[in-house]
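Report on the structure
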Amino acid sequence: MVGLWSAALPLLRQQVGERNFSTWIEPIRCASDEEGVRLEVPSRFFQDWITRHFLPTIRDTLTLLAGQPCAVRTVIGGALPPKSRPAAPASSEQRVEAPRGPRIGQLVAHYTFETFVVGPSNEIAYRAMQEVGAAPGRRFNPAVVHGGVGLGKTHLINGLAHEVLRRWPRVRVACLSGESFMNILISSLRQDQMAAFRDRFRQVDLLILDDVQFLAGKERTQEEFFHTFNALYGSGKQIVLTSDKPPSAIAGLEERLRSRFEGGMIADIHPPTAEMRFAIVHAKADRQSIQLPDDVAKLLVDRAGPSVRELEGALTRVAATAAVRGVPITMALAEAALGPYVPMRNTVSVEAVQEAVSQHFGLTVGDLKSHRRGRDVAFPRQVAMYLSRVTAEASFPSIAEKFGGRDHSTVMHAVRVIEGRRATDKKIDQLISVLDGQLRA
Ligand code: ADP
Ligand code: MG
């Protein structure tokens, strides 16, 4: 049972996220008894919280791994206290040896450039981050990386921070999410510590703000960020931002911030092709010494869809199930492990997309493929190209081909346009969701 718990940990980490994991799951100790799994937690408060927020997930995960229903109880005592912040070093000697990290925020140790698989969908963003890492503040300032959820933005900026700290251990790095920035701001405001807040952020040499779209609509936070941005930028410090959409499409972002962001280098990450996902899942398996047969890798790629995060989740599930059952990873085991969690994705063809979109707009497929430019066909065509990429997961060149032999940059442009419009226009967002749902059904 204790083995079961250790096997469940990586799965739980993925399901609850890094921060919840270190706060709520890591401190738990597992003991087994006749009735199932007994989890020892540090306090009553902890127990209540776990019960309310994480117990169903924990139970499902253990059940999945054990291959049979698994009873879980929590008891107070015996557990390690939650990880506290590292204490100040006791002597100067220790201080010298302490590992270098960012001054503000935290890095994920294994999100490095080395573990990042580069391919056509993320090459530009990767190269941009490498350039920044080679000469922070010199070129590409600010640099903005944008792309959908689970496509590697956080991994990439962690890679950048690691790289910079490796080369110049004394460089003062801040690497945090827009949300953390806001939380630090709020607590500084409450404690009347704004002078300290400003000093703290204005002393960094490299500011990396992840998920900047979070600032949308948060005026006070934007205001403060604007001043931080200007102070750093004005003194030649490097700023890197990530966002789930292009800056132009972040609704609720003040114009003056938007224009700052757009004044820099903007690189986007697209969903990886099936080929790249195959390389990624193999790389992840190798790093963890997981024996992953090609047919299972292919199954994971097909099932998990475009998000690398989902792909990793599927791999972890399969690997953990095999480890607990003490069997090698086979197709049969993978099918069983994935069954209840990852819905089977239908393969949607570009032709099906063209059919559905033309019908919706009362056009013919020929209209979509034609080179006519009127608004009545231009928008439906862009929608169809977008769905061909996102729902049918076809490559840019193959979509271009199937839309009357256009240039693939036209398709890339269409995808960007629709991404932007989805972000700003609820109606369009709904329309796309409906069409996407129809196609997948
Ligand atoms: P985002 O911040 O864009 O939502 P993350 O950076 O959190 O995405 O990535 C989700 C997961 O997928 C992470 O575990 C990350 O390591 C992995 N990942 C994404 N892209 C790649 C890649 N190109 N190579 C290796 N791992 C990747
Ligand atoms: Mg992220």
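Residues numbered from 1 in each chain as written. Chains lettered and ligands numbered in written order. Predicted model: local features only at pLDDT ≥ 70, side-chain atom pairs only at ≥ 80, totals over all residues.

Along the backbone of the protein chain there are 21 helices and nine strands. A globule of 441 residues ought to have a C-alpha radius of gyration of about 22 Å, and the protein chain, at 24 Å, matches this closely. Along the three orthogonal principal directions, the C-alpha set of the protein chain runs to about 70 × 60 × 35 Å. Residues classed as buried in the protein chain amount to 37% of the 441 residues present. Of the contacts made within the protein chain by residues no fewer than 6 positions apart, 73% connect residues no fewer than 24 positions apart. (Helix = DSSP H or I, 4+ residues; strand = E, 2+ residues; numbered from the N terminus. Rg over C-alpha atoms; globule rule 2.2 N^0.38 Å. Buried ≥ 20, exposed ≤ 12 C-beta atoms within 10 Å, placed from the backbone. Contact = placed C-beta atoms within 7 Å.)

With that out of the way, let us pick up the site of ligand 1. In the vicinity of ligand 1 lie 17 residues, with G152, K153, T154, H155 and V308 positioned nearest. Elements that contribute at least two residues to the shell around ligand 1 include exactly α7 (153-167) and α14 (308-325). Classifying every residue of the shell around ligand 1 gives seven nonpolar, seven polar and three charged. Here the shell around ligand 1 spans two domains, and each of domain 2 (97-269) and domain 3 (274-338) adds at least three residues to it. (Near = placed C-beta within 6 Å. Nonpolar A, V, L, I, M, F, W, Y, C, P; charged D, E, K, R; others polar. Domains from an automatic or database assignment.)

One frequently used descriptor of interface size is the decrease in accessible area upon assembly of the parts. As far as domains go, the protein chain holds domain 1 (2-76), domain 2 (97-269), domain 3 (274-338) and domain 4 (350-440). Placing the centre of domain 2 and that of domain 3 at their C-alpha centroids yields a distance of 32 Å. Facing eight residues of domain 2, the contacting portion of domain 3 comprises nine residues. In terms of residue class, the side of domain 2 that touches domain 3 is made up of three nonpolar, five polar and no charged.

Another point: the packing of helix α16 (residues 350-361) against helix α21 (residues 426-440). Where α16 contacts α21, the axes come no closer than 11 Å and their chain directions differ by 135°. Considering the angle they form, α16 stands oblique to α21. Read as a crossing pair, α16 and α21 show a hand that is right-handed. Contact with α16, carried on its side by A352, V353, A356, V357 and H360, involves L435, Q438 and L439 of α21 and no other residues of that element. Here the contact of α16 with α21 is composed, by residue class, of six nonpolar, two polar and no charged. (Axes fitted to C-alpha atoms, helices over the stretch in contact; angles between N-to-C directions. Parallel < 35°, antiparallel > 145°, perpendicular 65-115°, else oblique. Left-handed = near helix turned anticlockwise from the far one by under 90°.)

With 17 residues, helix α20 (residues 408-424) should reach 24 Å at 1.5 Å per residue; the first-to-last C-alpha distance of 25 Å fits that figure. By the burial criterion, the buried members of α20 are V411, A414, V415, I418, E419 and A423. One face of α20 carries all of its buried residues, which in axial projection span an arc of 165°. Buried residues along α20 sit in contact with α18 (375-390), α19 (396-402) and α21. (Expected span 1.5 Å × (residues − 1). Arc of directions from axis to C-beta.)

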